[in-house]
Amino acid sequence: MSDMSRLTGKSGDETLIEMSLNSLCDEDNNGFHHNRHDVDTDDSPHPQLDPSEVQGHGSCESLGPEVQGHGSCESLGPEVQGHSSCESLGPEVQGHGSCDSLRSSLPSIPSHHSGSDHSDSSPERAQTLKRTSTVTGLTGMCRKRALFLKHRSRVDKHQQSKDSVFFRDGKRRIDFILSYVDDRDGERKQERRREYEANLQKAGLELETEDKSESDDGKTYFVKIHTPWDVLATYADVLKIKVPFKKSDIPTHKDIPMNWLFTPFRLPDHIMNPEPDYFTSPFNKGKTDFFLIDDKDTFFPPSVRNRIVYYILARCAYNKEDKDKKGLKRLLNNGTYGSAFPLHDSRYWKASRDPNSESERFSLYKNWARFFSFFKEQPLNLIRKYYGEKIGIYFAWLGFYTEMLFFAAVVGLICFLYGLFTFDDNIWSKEICSEEIGGNIIMCPLCDKTCGYWKLNTTCNSSWQSHMFDNVGTVFFAIFMGIWVTLFLEFWKRRQARLEYEWDLVDFEEEQQQLQLRPEYETKCTSQRLNRVTQEMEWVLDRTAADLVGKVLLCWATVVLWISLIIACIIGVIAYRLAVYAAFASIMKDSPTNNIHVVGSFITPQLATSVTASCINFVIIMILNVMYERVAIWITDMEVPKTHLEYENKLTVKMFLFQFVNYYSSCFYVAFFKGKFVGRPGDYIYMFGWSKLRNEECDPGGCLIELTTQLVIVMAGKQVWGNVQEALVPWLLNWWGSRKARSHPESLYSRWEQDHDLQNFSHLGLFYEYLEMVIQFGFITLFVASFPLAPLLALLNNIIEVRVDAWKFTTQFRRPVAAKAHSIGAWQEILNGVAVFSVVTNAFIVAFTSDMIPRLVYMYAYSPGNDLSMKGYINNSLSVFNISGFSDDNRPDDGESPEWFNSSVITTCRYRDYRYPPGHEKQYTHTMQFWHILAAKLAFIIIMEHVVFMVKFFVAWMIPDVPAGVKARVKRERYLIQEYLHNYEVENLKIQLSQRNDDCRSNPGISRHEVLSECL
């Protein structure tokens, strides 16, 4: 190694930072002055400089009077800024060997300010200037190196990489990180931190602080927290954390027929089952020898450790005078701390070199978070071990939901293909497209004044499109989805019960719910009350009846207000549709869209209105979502729920009610209101009764195709936007936040700084993931009769969603605090409600939105002849109106009707309804066929609902919620706990009795009965 500094990136897997002492051109080993308190006071050895090596060269003044006139080192000029090393300064400098040897030669350089004896052309003068320029350049290079060393003063003084999850001693594990920036005017914050950290140490936690000089930005302090065994044992006892006491003796692997078929979808067993299966029991600090404790440092996994630490942090006080001021959440809200998070155990793209680090993050990324693993099963046990049960149960539900979607998607695709391949049997579309039938049927104007008369065959394309979704397969698929929903929910209950047992969540609700009180609730409790179950005093929140009623009314009045706002927006969109349709009809009357390649012939005024209105509605939905989210959180906070579960349930109900109306209201309008209340020619119904906006009519092909369009735009748009937002936004924020640190060597870029640069995963993060999926579940169940391909779209989205969420959790977010959850919570009841409601909506869609029932009534009751043909259906379904009956407000303006229309020849027009023709004694009133069709629709709804509900309840009764194998395991575990505890107590009693018997022999005054009583 030469005396010159060598700063290299990496050699193999090791980072090389080799520096000679002679290369440090400033007063200390980092090139800058340090305050005494900034100096690392660790006992580890530090490299020391020989003062004789740098004496006289610690500042610009040491360079002699020849250079002082420049004012500062930076003002020495740009001549040498491009020199990255001494070697690059030319042969005239390299002989000096180092910066110090060059500085020692400075006094020998004549000053160019000493007089005017030398002319500009003198060679001595030129040589002097050249040497001065070289020396000043080298000084600038040394200062740049000093600046780098100050900025990267985190050179490993302890021969240990900072990409580690351990304290400086390499033994104590870092369980949690607190970070803060020490503000100049933050005296109150400093006092809070001092008191808070002192209280944490009193609680038994061990702290180690990384000075801001060690951080990348030079401003952030990091407080590392370690939890010793005694503290872990104490709080594991308090939180009733279940730990192993015996290895399971129940076989877990069953022989699956043709198991080799599933081999490509399997993951290695050590990934799927990172831990052996044990029988577990709640931890008891007084009986540690009862449990299988091999190593106290690794007995509690990191997820349990960070959960215990967070429990302490959330309840520790930070104010001496007011003990009610406590909790980490308050300190984060008031800026005392900038962030708080547990550490990832490694980088996600490579395993940690520390053999004591599990590198589970790397395993998750390699086997789960990469998109090309989309066909592989999820390592749920590893996810649970790393992130905790709450996140594990979410991915288990999402994976199971995606698996079940496969069956719905296959059946939906078959129904769609059935409609696609039965075009030739579609007689009514052939009649519409025919020049002899559809070309001779003149339809009444669809709007006042600006819409003209039109021929039925202009809707030929929309009629064919409608047949793909409106056919016999639609009825079958609607019934199938009603049964599929039941199977999905029942089988999920069984999967959830199995996970509850495997993840030690049995009886979690009863035992631990009260231990998860929200700190915000605890700080507002002012009185105590006897708990009837535990017979212990517990803190409760004093609330008067007036206060409780007032808050409830305010909260729900706010929800109703926002739902009313959504309805107002929907009415606005409807008004847009009514107003714009007339404009599109006027523009497209001469078919100018036919000039557009490929899609021009498919664009009609109805389609243009529907697509633009759907897009506007989607934008409104997104805007209202952002606004209402803040309001929902605010009113839920105001209610002060007692537990975290209660808080999430209250927020879930408020958000879902809002989202339900927000996302589905436009679909409900198209499905159940559009075209149902339009009146008839000469007696149209207008919006609000007084406006000039006439209610919309359906195409002769029906409103189902428009419902399909609305559903596709809102559903697909939401999914695409959601995935882009979930993946792109965190990645961009992380990319920008870590732009300076990406080039740092691994040993200098500390594990806590790497995680600090990631995005924070909020406590409502999973809430939004569930909400997104439940809204999607509503789309594929509530309106699936109009779009059989909806489950296929959902399946494709969810395949991407699982990997996007996995990638996001593993690479873009800090490690969340582990939390327990035994189920998906309130979402289960919401799914049940949506499932029941979906049977009703699909029955009404088939009956009133689809044309299936009118066609069946015509075929079986009104078709001519006995061949059950659909010939003549179109003519039968259209009523006749005398054009002379139009008022001036309804009649088209001059020039609006097409050229082929001659009012003297054409005296009638047709419209979609079942009414008597003009001249009939009951002209323009509903015919008997109308009432027959209405009766058939109502009968279909009743029959379909009863059949589906009967099948649903029968399936739910047949499938037990808890598998028999799980019940047997739970009973065996409880039996073993009792047996082992009994044997454990008996053995302890024998030991104590033997010890007391020895005391009795030495002291005959003590009776055996007294000894036994004392032991018991």
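All of these numbers come straight from a predicted model, not from anything done at the bench. (Residues numbered from 1 in each chain as written. Predicted model: local features only at pLDDT ≥ 70, side-chain atom pairs only at ≥ 80, totals over all residues. Heavy atoms only, no water.)

Draft legend 1. Main features of the nonpolar core. Counting 141 residues, the largest nonpolar core has Trp397, Tyr401, Trp484, Phe488, Phe779 and Trp827 as the members making the most contacts within it. Sort the elements by how many residues they give to this core and helix α14 (residues 389-421) lands first, with 16 residues. For Trp484, the residues in contact, after removing those within four places along its chain, are Tyr401, Met404, Leu405, Ala408, Phe777, Ile780 and Thr781. (Core = buried A, V, L, I, M, F, W, Y, C linked by side-chain atoms within 4.5 Å. Buried < 20%, exposed > 50% of the residue type's maximum accessible area, 1.4 Å probe, protein only. Helix = DSSP H or I, 4+ residues; strand = E, 2+ residues; numbered from the N terminus. Contact = heavy atoms within 4.5 Å.)

Draft legend 2. Here's a closer look at the packing of helix α21 (residues 605-639) against helix α22 (residues 644-672). Interhelical geometry of α21 versus α22 gives an angle of 160 degrees and a closest axis separation of 10 Å. Classified by the interaxial angle, the pair formed by α21 and α22 is roughly antiparallel. Regarding α21 and α22, the two cross each other, and that crossing is right-handed. Taken together, the residues of the contact of α21 with α22 sort by class into 12 nonpolar, 6 polar and 5 charged. (Axes fitted to C-alpha atoms, helices over the stretch in contact; angles between N-to-C directions. Parallel < 35°, antiparallel > 145°, perpendicular 65-115°, else oblique. Left-handed = near helix turned anticlockwise from the far one by under 90°. Nonpolar A, V, L, I, M, F, W, Y, C, P; charged D, E, K, R; others polar.)

Draft legend 3. Looking closely at the state of the cysteines. This model, assessed by the stated rule, comprises 3 disulfides. Linked covalently through their sulfurs, Cys433 and Cys460 form a disulfide whose S-S length is 1.8 Å. Across the disulfide from Cys433 to Cys460, rotation about the S-S bond amounts to roughly 95 degrees, and the bridge is consequently right-handed. Residue Cys433 is located in helix α15 (residues 427-433), and its partner Cys460 is located in helix α16 (residues 460-469); the two are separated by 27 residues in the primary sequence. (Disulfide = S-S within 2.5 Å.)

Draft legend 4. Examining the packing of helix α23 (residues 704-737) against helix α25 (residues 765-782) more closely. Remark: α23 packs on α25, axes separated minimally by 11 Å, with the N-to-C direction vectors making an angle of 160 degrees. In this view, α23 runs roughly antiparallel relative to α25, as classed from their interaxial angle. When the axes of α23 and α25 are compared, the crossing they make is left-handed. In contact with Leu711, Val714, Met715, Lys718, Gln719, Gly722 and Glu726 of α23, α25 contributes Glu769, Glu772, Ile775, Gln776, Phe779 and Ile780. Of the residues in the contact of α23 with α25, the class split is 6 nonpolar, 3 polar and 4 charged.

Draft legend 5. Representation of the side chain of Gln710. Relative to the helices and strands, Gln710 is located in helix α23. Among the polar contacts made by the side chain of Gln710, one reaches the side chain of Ser614 at a distance of 2.5 Å. Within polar-contact distance, the side chain of Gln710 engages the side chain of Ser666 at 2.8 Å. (Polar contact = N/O pair within 3.5 Å; in protein donor to acceptor, adjacent residues only side chain to side chain.)

Draft legend 6. Spatial organisation of the pattern of salt bridges. Under the criterion given, the structure shown has 35 salt bridges. The closest approach of N and O atoms between Glu206 and Arg172, which form a salt bridge, is 2.9 Å. Of the two residues, Glu206 is situated in strand β4 (residues 206-210) and Arg172 in the loop between α5 (123-151) and β3 (176-181); the sequence distance between them amounts to 34 residues. Given the relative accessible area of 27%, Glu206 is considered partly exposed. The class for Arg172 is partly exposed, based on a relative accessible area of 28%. Look at the salt bridges and you will find they share partners, linking Arg168, Glu208, Glu210 and Lys224 into a network. (Salt bridge = Lys/Arg side-chain N within 4 Å of Asp/Glu carboxyl O.)

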